[in-house]
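So the chains spell out like this:
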Amino acid sequence: MIKEHRELVFSNEDLIEAIQVFPNKNSLKIPDGTITGITVMDDAYVFAVVQVTRADDSKTEDVALDATILAALMLYYCKANKIPIPRNAEKKITKVDTGISLSIRLS
């Protein structure tokens, strides 16, 4: 049986764009403002800290996004940009030097 394995690598800039186009921003708990940076970390699992300069008072706030939210952002971004992701594929995210990798496996 032939198996397919694809890997999509999202840079930090791609992740910021994915956050900006995500339709349900309230679930992200990111305040209104400008995203000034993102730091991807890998402790026991992948997560990211988004740095936001708030619109109301120009203070900087850090917001943590867990692996589940990051995966949802990445999958929505792919759908919005017509990058096909099979529903029944196994999906996994991992930290890479340049951002986050979304691995897709079909068997």
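As shown above, the structure is provided for reference.
Attention shifts here to the nonpolar core. Grouped together as the largest cluster of nonpolar side chains are 29 residues, with contacts concentrated most on I19, L65, L70, L73, I93 and I100. Put simply, the parts of the chain that give this core at least two residues each are β1 (4-11), α1 (12-21), β2 (33-42), β3 (46-54), β4 (60-65), α2 (67-80) and β6 (99-106). Considering every element that reaches this core, the biggest residue donor is α2, with six residues. Once you skip the residues sitting within four places of it in the chain, I100 turns out to touch L8, V9, F10, L15, V40, V46, L70, M74, I93 and T94.

We now examine the pattern of salt bridges. Tallied over the full model, the rule gives four salt bridges. The residue D57 makes a salt bridge to R54 at a minimum N-O spacing of 2.4 Å. Overall, D57 belongs to the partly exposed group, its relative accessible area being 33%. Taking the shortest distance from any N to any O, the salt bridge between R54 and E61 comes out at 3.0 Å. Taken together, the salt bridges that share partners define one network made up of R54, D56, D57 and E61.

What follows concerns the sheet that holds β6. One open sheet accounts for three strands, arranged β1-β6-β5; its pairing is antiparallel. Of all strands in the sheet, those with a lone pairing partner are β1 and β5 (90-96), marking the two edges. For this sheet the average axis-to-axis angle between neighbouring strands, irrespective of direction, equals 20°. Across seven bridges, the pairing between β5 and β6 is antiparallel. Pairing of E90 across the sheet is with R105, part of β6.

What follows concerns α1. Along α1, the positions that sit buried rather than exposed are L15, I16, A18 and I19. End-on view of α1: buried residues confined to an arc of 160°, all on one side of the axis. Contact partners of the buried residues in α1: β1, β2, β3, β4, α2 and β6.

Reading the values: the criteria
- Residue numbers restart at each chain and count upward from 1, following the sequence in its written direction.
- Local features in this predicted model are restricted to residues whose pLDDT is 70 or higher, and side-chain atom pairs enter the listing and the counts only when it is 80 or higher, whereas totals over whole chains, interfaces and linings include all residues.
- Based on all heavy atoms of the structure, the side-chain values leave hydrogens and waters out of the count.
- Nine residue types can take part in a nonpolar core, namely buried Ala, Val, Leu, Ile, Met, Phe, Trp, Tyr and Cys, and a core is a set of them joined through side-chain atoms within 4.5 Å.
- Each residue's exposure class comes from its accessible area (1.4 Å probe, protein chains only) as a fraction of the maximum for that residue type: buried when under 20%, exposed when over 50%, partly exposed otherwise.
- Secondary structure elements are taken from DSSP: a helix is a run of H or I of four residues or more, a strand is a run of E of two residues or more, and numbering for both begins at the N terminus.
- The contact rule is simple, with two residues in contact once any of their heavy atoms fall within 4.5 Å.
- One side-chain nitrogen of Lys or Arg within 4 Å of one carboxyl oxygen of Asp or Glu is enough to make a salt bridge.
- Here a strand pair is declared whenever DSSP counts at least two bridges between the two strands.
- Axis lines are fitted through C-alpha atoms, for helices just across the contact stretch, and the angle between N-to-C directions can take any value from 0 to 180 degrees.
- Arc definition: it is the arc formed by the directions from the helix axis to the C-beta atoms.

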